[in-house]
Amino acid sequence: MSAQIHVPSMLSRAGAVSALTLAALGGTMLAPGAAPEAQAATSHAGKALNVAASKKGSPYRYGAAGPTRFDCSGFTLYSYKKAGKSLPRTAQQQYNKTRHIKASSRQKGDLVFFHSGGRVYHVGIYAGSGKIWHSPKTGSWVKLDKIWSSKVYYGRVR
């Protein structure tokens, strides 16, 4: 990531400016390699989403957790493991471990849990625009689908 520096125009012509000078003038500065706090907090979610998308077309297999076949929770477990985060094995256990969030707060990379009668039965990774990456069922494969139910919970991996 490149540095982002906001320098008042009168100082940009003068050359190098110290962080203290910028702060005194109300400027902002990010050190090279630094990320805004919100971006840093969710970088694992973005990585997991990229891993998920890279598995498009991988066949569903009950009980499988990759790298070439997946069931739904094995798919989310694998994607987050490659992003440096650990999740338990089943969809219900994953729901229990995540920080529960409102639909209005959902972000790309959050987990989407489908439920019925208080029981979580399916999980996918939110891709934005009302869609998820998931490994749905026997005879299917990892794909991007529109969220088809209003009976969903959202969870953020910590």
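Residues numbered from 1 in each chain as written. Predicted model: local features only at pLDDT ≥ 70, side-chain atom pairs only at ≥ 80, totals over all residues. Heavy atoms only, no water.

Caption draft 1: Just the nonpolar core, in detail. Judged by nonpolar contacts, the single largest core of 23 residues is most densely connected at Phe75, Tyr80, Leu111, Phe113, Val123, Ile125 and Trp133. Those elements giving two or more residues to this core turn out to be helix H4 (43-54), helix H5 (72-82), helix H6 (91-97), strand S4 (111-116) and strand S5 (119-128). The biggest single contributor to this core is H4, with 5 residues. Excluding its chain neighbours within four sequence positions, the residues that come into contact with Tyr80 are His44, Ala45, Ala48, Lys85, Leu87, Gly109, Asp110, Leu111, Ile125 and Val157. Within the second largest apolar cluster, 8 residues are counted, among which are Val112, Tyr126, Ile147 and Val152. (Core = buried A, V, L, I, M, F, W, Y, C linked by side-chain atoms within 4.5 Å. Buried < 20%, exposed > 50% of the residue type's maximum accessible area, 1.4 Å probe, protein only. Helix = DSSP H or I, 4+ residues; strand = E, 2+ residues; numbered from the N terminus. Contact = heavy atoms within 4.5 Å.)

Caption draft 2: View of the side chain of Ser140. Turning to its location among the elements, Ser140 is positioned in the loop between strand S6 (131-134) and strand S7 (143-146). Every residue in contact with Ser140, bar those within four places of it in the chain, is listed here: Pro59 and Tyr60.

Caption draft 3: Expanded view of the pairing of S6. One ladder, built from 3 bridges, connects S5 with S6; its direction is antiparallel. When the bridges of S6 are listed, Tyr126 appears paired with Ile132. The antiparallel hairpin formed by S5 and S6 contains 2 residues in its connecting segment, where Ser129 sits at a positive phi of about 55°. Pairing analysis gives 4 bridges linking S6 to S7, with the strands arranged antiparallel. Across the sheet, the residue bridging to Ile132 is Asp145, located in S7. (Pairing = 2+ DSSP bridges.)

Caption draft 4: Geometry of the layout of surface pockets. Volume-wise, the largest pocket comes out at about 190 Å³. The wall of the largest pocket is formed by 14 residues, among which Tyr62, Asp71, Ser73, Thr90 and Ala91 lie closest to the centre. Broken down by secondary-structure element, the contributors of at least two residues to the lining of the largest pocket are H5 and S5. Among the residues forming the lining of the largest pocket, the class breakdown is 7 nonpolar, 4 polar and 3 charged. (1 Å grid on protein atoms, 1.4 Å probe; cavity = no way out; pocket = protein on both sides within 12 Å on 5 of 7 lines; lining within 4 Å. Points joined across faces, edges and corners; volume = space filled by probe spheres on them. Nonpolar A, V, L, I, M, F, W, Y, C, P; charged D, E, K, R; others polar.)

Caption draft 5: Fine view of H5. Counting buried positions along H5 gives 9 out of 11 residues, so the element sits mostly inside the fold. Buried within H5 are the following residues: Cys72, Ser73, Gly74, Phe75, Thr76, Leu77, Tyr78, Ser79 and Tyr80. Contacts from the buried residues of H5 go to H4, H6, S4, S5 and S6. Of the residues trailing H5, Gly84 is marked for its positive phi of about 90°.

Just geometry here; none of it tells us what the structure is for.
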